[in-house]
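Breakdown of the fold
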Amino acid sequence: MKIAVMGGDGFIGWPTSLHLSDAGHEIHILDNLSRRWIDTELGVQSLTPMDSIQERTRIWHAETGRRIHFHLIDLARDYELLKKWLSEHRPDAIVHFAEQRAAPYSMKSDRHKNYTVNNNVNATHNLLNALVDLNLDAHLVHLGTMGVYGYSTIGAAIPEGYLPVGIETTDGRTASQEILYPANPGSIYHMTKCLDQLLFQFYAKNDGLRITDLHQGIVWGTHTEQTRRHEQLINRFDYDGDYGTVLNRFLIQAAIGYPLTVHGTGGQTRAFIHIQDSVRCIELALKNPPVRGARVEIFNQMTETHRVRDLADMIARMSGAEVVRLPNPRKEAPENDLIVKNDKFLDLGLAPITLEAGLLGEIVDVAKKYAYRVDRSRVPAISAWTKDLAATVNHDPEGKRLKSVS
Ligand SMILES: O=c1ccn([C@@H]2O[C@H](COP(=O)(O)OP(=O)(O)O[C@H]3O[C@H](CS(=O)(=O)O)[C@@H](O)[C@H](O)[C@H]3O)[C@@H](O)[C@H]2O)c(=O)[nH]1
């Protein structure tokens, strides 16, 4: 297939592009390189040394003989350019990662909220709009989030996208139907993914677009089979307070002797998936498109659930790291249970990498190897969900004032 990977320079976009190229597909990355600009804005860098996208694709070609094409296009702002590209290339499938993906970054300030909403919603809508106008029947696979469901404690498993409901009719019968699971976002970022869902519902219904939405959990790990092939193909790894996700943050904190930063009681339960499984799921989704006219296909893309404090305790046991409980900068339930259905990917043959099997390797391979690149002052999570919470944020889990956290 000819596949366009929107956002193919990012944390999941890059290994996905390599994985699909390795499988023999013709890959075109469309990216505005915004993630690299945000690194500059925040004054942080990936733990792993990352080359330019042009250099990365050159190395891939030298290693494998395969070409990955790069096109500098901003989906949210360059509508005409995007449309021109799609009309000239007419891809068979599109994988859409081209959104701002960090919840803390989206909550940093009014400016960051605006940026996240404008960028994410426009990128998704521009893409859908262009597909219809060009009569392009490409299968769109979007990377969504488990966060669209919220984290309720009702004790029932979260279904894959749709919830069966029974409604009493005016003549006393019970009519049953399936509705999109009620959206319950926990951040501006997560809210944009809820808005995406509505855009998908409309365009699938109105124009028959073929769309798959992957509700993904928190990704951990960094390497995939292809990124291991050459030092310069390495994936990015974020550890800072805005972009670092919880498990990867704990791993690097353990490696540099920084206390593991548990928010609140650590009773938050979340869904997880290894990066290698994430790219496999995307390939499985591409191989199993919905038919034209069908409703949006939704998969829960996660393999296990864990409580944050249990993860911290596990890594502390393995590494000897200290655990600190910090005031939570986020407005979220302090404790929740989480049961998730993920039968669809398992039925398609996904054999998940478990945390227990993969974790130690990650600490040794990545966290310790690049620990010298860490700027400790960028570790604290200081983006607060409300102005009140901002006053309680702990800028210094190590116990001494940090020089610069601006
Ligand atoms: O140092 C830390 C960092 C986080 N947390 C806690 O860990 C949980 C998860 O935080 P996270 O930053 O790992 O994940 P999140 O903000 O939910 O976002 C990440 O995971 C989402 C999947 S999910 O969480 O919605 O399932 C993706 O959509 C996002 O792109 C990705 O950045 C939260 O309760 C947070 O308070 C800590 O206790 N300590």
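As annotated in an unreviewed UniProt entry, the protein chain carries the name UDP-sulfoquinovose synthase and comes from Rhizobium miluonense. A UniProt comment under Pathway (unreviewed entry) is attached to the protein chain, and it reads "Bacterial outer membrane biogenesis; LPS O-antigen biosynthesis." Checking UniProt for the protein chain, the heading Sequence similarities (unreviewed entry) contains the comment "Belongs to the NAD(P)-dependent epimerase/dehydratase family."

1. Topic: the sheet that holds strand β11 (residues 269-274)
Spatially, β9-β11-β13 is the arrangement adopted by the three strands of the open sheet, whose pairing is mixed. Every other strand in the sheet has two partners, leaving β9 (218-220) and β13 (304-307) as the edge strands with one partner each. The mean angle between the axes of side-by-side strands here comes to 45°, regardless of whether they run parallel or antiparallel. Relative to β11, β9 runs parallel, the two being bridged by three bridges.

2. Concerning the sheet that holds strand β5 (residues 139-145)
With respect to topology, seven strands assemble into an open sheet ordered β3-β2-β1-β4-β5-β8-β12, the strand pairing being parallel. Single-partner strands in this sheet number two, and they are β3 (68-72) and β12 (297-301). Averaged over all pairs of adjacent strands, the angle between their axes in this sheet comes to 20°, without regard to strand direction. Pairing of strand β2 (residues 26-31) with β3, which is carried by five bridges, proceeds in the parallel orientation. Looking at the pairing, D31 lines up with L72 of β3.

3. Some thoughts on the environment of L128
In this fold, L128 is placed in helix α6 (residues 110-133). Sequence separation of L128 and Q54 is 74 residues, and the distance between their C-alpha atoms is 28 Å. Not counting the four nearest positions on each side in its chain, L128 is found in contact with L140, L199, F200, Y203, L209 and I211.

4. Quick notes on the side chain of S377
Relative to the elements of secondary structure, S377 occurs in the loop between α12 (355-368) and α13 (387-390). Within polar-contact distance, the side chain of S377 engages the side chain of D375 at 2.8 Å.

5. Comments concerning the site of the ligand
Lining the immediate surroundings of the ligand are 23 residues, of which R101, Y189, V246, T261 and E332 lie closest. T145 places a polar side-chain atom, nitrogen or oxygen, 2.7 Å from an oxygen atom of the ligand. Separating an oxygen atom of the ligand from a backbone N or O atom of G147 is a distance of 2.9 Å. Computed on the free molecule, the ligand has an accessible area of 740 Å², of which 95% lies beneath the protein chains in the complex. Contributing elements (two or more residues each) for the shell around the ligand: α7 (188-207), α8 (246-256) and β10 (260-263).

6. Some thoughts on the packing of helix α4 (residues 79-89) against α6
Where α4 contacts α6, the axes come no closer than 10 Å and their chain directions differ by 45°. Taken together, the axes of α4 and α6 lie oblique to each other. As for how α4 packs across α6, the hand of that crossing is right-handed. Contact with α4, carried on its side by Y79, L82, K83 and L86, involves N126, L127, N129, A130, L131 and D133 of α6 and no other residues of that element. Residues of the contact of α4 with α6, tallied by class, amount to six nonpolar, two polar and two charged.

7. Examining the side chain of H71
Note on placement: H71 falls in strand β3. Residue class for H71 comes out buried when judged on its relative accessible area of 18%. Within the local environment of H71, its side chain forms a polar contact with the side chain of W85, the two groups lying 3.3 Å apart. What H71 contacts, discounting residues up to four positions off in sequence, is H28, I29, L30, D31, W85 and H89.

8. Quick notes on a nonpolar patch on the surface
A surface patch of nonpolar side chains, amounting to about 240 Å² of accessible area, comprises M191, L195 and L198. Note that L198 resides in helix α7.

9. Examining the pattern of salt bridges
Scanning all chains against the criterion turns up 29 salt bridges. Across the pair D39 and R236 runs a salt bridge whose closest N-O atoms are separated by 3.0 Å. Here R236 lies in the loop between β9 and α8 and D39 lies in helix α2 (residues 34-42), a separation of 197 residues in the sequence. Just as D39 is buried, R236 falls in that class too. With its nearest N and O atoms 3.3 Å apart, the salt bridge here joins K84 to E88. Highlighted residues: K84 and E88, both in helix α4, separated by four residues, approximately one helical turn. A relative accessible area of 52% means that E88 is categorised as exposed. One continuous salt-bridge network, built from bridges that share partners, spans R35, D39, R101, R236 and D238.

10. A closer look at unusual backbone geometry
With phi around 60°, L33 is a residue other than glycine that occupies positive phi space. Here L33 is to be found in the loop between β2 and α2. Phi is positive for R90, close to 40°, though the residue is something other than glycine. Residue R90 is classed as partly exposed on the basis of its relative accessible area, which comes to 38%.

Definitions and limits used
Residues numbered from 1 in each chain as written. Predicted model: local features only at pLDDT ≥ 70, side-chain atom pairs only at ≥ 80, totals over all residues. Heavy atoms only, no water. UniProt positions renumbered as here; feature names shortened; annotations may be inferred. Pairing = 2+ DSSP bridges. Helix = DSSP H or I, 4+ residues; strand = E, 2+ residues; numbered from the N terminus. Axes fitted to C-alpha atoms, helices over the stretch in contact; angles between N-to-C directions. Contact = heavy atoms within 4.5 Å. Polar contact = N/O pair within 3.5 Å; in protein donor to acceptor, adjacent residues only side chain to side chain. Near = heavy atom within 4 Å. Areas by Shrake-Rupley, 256 points an atom, 1.4 Å probe, with all protein chains shown as cover. Parallel < 35°, antiparallel > 145°, perpendicular 65-115°, else oblique. Left-handed = near helix turned anticlockwise from the far one by under 90°. Nonpolar A, V, L, I, M, F, W, Y, C, P; charged D, E, K, R; others polar. Buried < 20%, exposed > 50% of the residue type's maximum accessible area, 1.4 Å probe, protein only. Patch = residues over 30% accessible without salt bridge, like charges linked within 9 Å, V, L, I, M, F, W, Y side chains within 5 Å. Salt bridge = Lys/Arg side-chain N within 4 Å of Asp/Glu carboxyl O.

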